[in-house]
Amino acid sequence: MAIFGVALLAVASHARAAGWAAGWLGPAVYPAAADYPVIVREYRNQTVRQTFRVAATGARLRVVLTNELGQAPLHVGAARVALSASDGSPLPGTERILSFSHRPGIIIPAGAPAYSDPVALAIPAGAEIEVSIFYPDSARPAAHLAPISISGPGDRTGEAHLDGAVDERGPALVSRLDVEATVTPPVIVALGDSITEGPAGRPGYHMSWPEQLGALLEYKTTLLNAGIGGNRLLHDGSSEGAAALARFDRDVVAAPGVREVVLLEGINDIGFGAQNIANHVNIADLVAADLQLIARAHEHGLRILAGTLIPFEGADYYTTEGERARQALNTFIRSGVFDGVIDFDQALRDPDHPSRLRPDYARPDHLHPSDAGFTEMASTALRAGVGRSVATP
């Protein structure tokens, strides 16, 4: 009877009772560097609209804004959320004004997030959500770089169509969207660089491997994409975000409902380290970083899986020394120290030239997977059992 009771508790623990669970994630980065002219760096008396796909269902939501990497207070004058229709406009009847501590706006101190008050809004699986934010003053958000629409002057958060808006890439202030439901699915965070973020995939087609995996799992397990282009295990970057060791608590542990993390980091440490002696790393450094993340994940009761680094011969920062480091790190990843391994390397490499990506899985830069490559990564993660041990029965 005692054993049977323990088994029941184990099964019940997979299906969490009513509460908040993260449904989307956009990890913060530092304010866009001045040498990135194609990225909008500042908003002034403007409304910014961001659209993203939520990977969880629920009856209420709350929006989390970030100024955690900011260096000055950030003034939000107004904010609104809505489901997005197929033409990109708010779905009628779903518009909700967001408040913060029962006030229409908020000044977010440097180093802090801001949680909106919950609003009732039924969110179906895979729904598109849009959030509009009005910046009344000059603002340089330290937020994830994403496709956004920027309006002309004034608070236009309540307008269905931002006529005359300019579509750009810039800092999108929403760092997380949480949902509340009767039973919340387990949450998995994919922690990585651009190969996880998927910026090389077709915009708006949701081709990153975490998004494709979430769809394969029919959204019964929530996959959050915490990839940042250029991110590294050990070094910060001006627009590449804090190092994985520095952002782990904020981007993984803090996500409500998180049960598992999938790590795919290290190729930028190897590549950038070969270009800049100040950022040079060796295999012992990378192994130590992975061991730190394993210890911290287990401290918080999280399973941690790792993906092997995919081939990169032909990339701008490829070196033979870097290839040896990649092979050595992959050997360590396969050694059994993680709770599970997704062998992306084996799935995507060219059988005739294993240090290169398979041609149909590669983009011209020989570093990022093609859309077909991202699809294969999602299938490989599914076959490797990502989410299986934490899946809701």
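The structure under discussion appears in the preceding block.
Residues numbered from 1 in each chain as written. Predicted model: local features only at pLDDT ≥ 70, side-chain atom pairs only at ≥ 80, totals over all residues. Heavy atoms only, no water.

The next subject is the nonpolar core. Core analysis: the largest hydrophobic core is formed by 60 residues, its most contacted members being Val189 and Trp209. Element by element, the count of residues in this core is highest for helix H6 (residues 283-299), at 6 residues. Discounting residues that sit within four places of it in the chain, valine 189 has contacts with Leu25, Leu224, Ala226, Asp251, Val252, Ala255, Val258, Glu260, Val261 and Val262. In this structure, Val54, Ile123, Val131 and Ala146 belong to the second largest nonpolar core, which totals 38 residues. (Core = buried A, V, L, I, M, F, W, Y, C linked by side-chain atoms within 4.5 Å. Buried < 20%, exposed > 50% of the residue type's maximum accessible area, 1.4 Å probe, protein only. Helix = DSSP H or I, 4+ residues; strand = E, 2+ residues; numbered from the N terminus. Contact = heavy atoms within 4.5 Å.)

What follows covers empty space enclosed by the protein. Under the definition given, this model contains 3 cavities of 30 Å³ or more. Taken as a whole, the largest cavity holds about 50 Å³ of empty space. For the lining of the largest cavity, the residue count by class is 5 nonpolar, 1 polar and 1 charged. Roughly 40 Å³ of volume is contained in the second largest cavity. Every residue lining the second largest cavity is listed: Leu263, Leu264, Glu265, Asp290, Ala306, Gly307, Leu309, Leu329, Ile333 and Phe338. For the lining of the second largest cavity, a count of residues per class yields 7 nonpolar, 1 polar and 2 charged. (1 Å grid on protein atoms, 1.4 Å probe; cavity = no way out; pocket = protein on both sides within 12 Å on 5 of 7 lines; lining within 4 Å. Points joined across faces, edges and corners; volume = space filled by probe spheres on them. Nonpolar A, V, L, I, M, F, W, Y, C, P; charged D, E, K, R; others polar.)

Attention now goes to H6. The end-to-end C-alpha separation of H6 is 24 Å, in line with the 24 Å expected for 17 residues at 1.5 Å each. Of the positions making up H6, those classed as buried are Leu286, Val287, Ala289, Asp290, Leu293, Ile294 and Ala297. Projected down its long axis, H6 shows its buried positions confined to an angular sector of 160°, all on one face. When the buried face of H6 is taken as reference, the exposed residues oriented beyond 90 degrees from it are Ala284 and Glu299. Buried residues belonging to H6 abut helix H4 (244-253), strand S16 (258-264), helix H5 (267-275), strand S17 (303-307) and helix H7 (320-333). For H6, the N-terminal cap is asparagine 282; the gap from its side-chain oxygen to the backbone nitrogen of alanine 284 is 3.1 Å. Of the residues trailing H6, glycine 301 is marked for its positive phi of about 75°. (Expected span 1.5 Å × (residues − 1). Arc of directions from axis to C-beta. Polar contact = N/O pair within 3.5 Å; in protein donor to acceptor, adjacent residues only side chain to side chain.)

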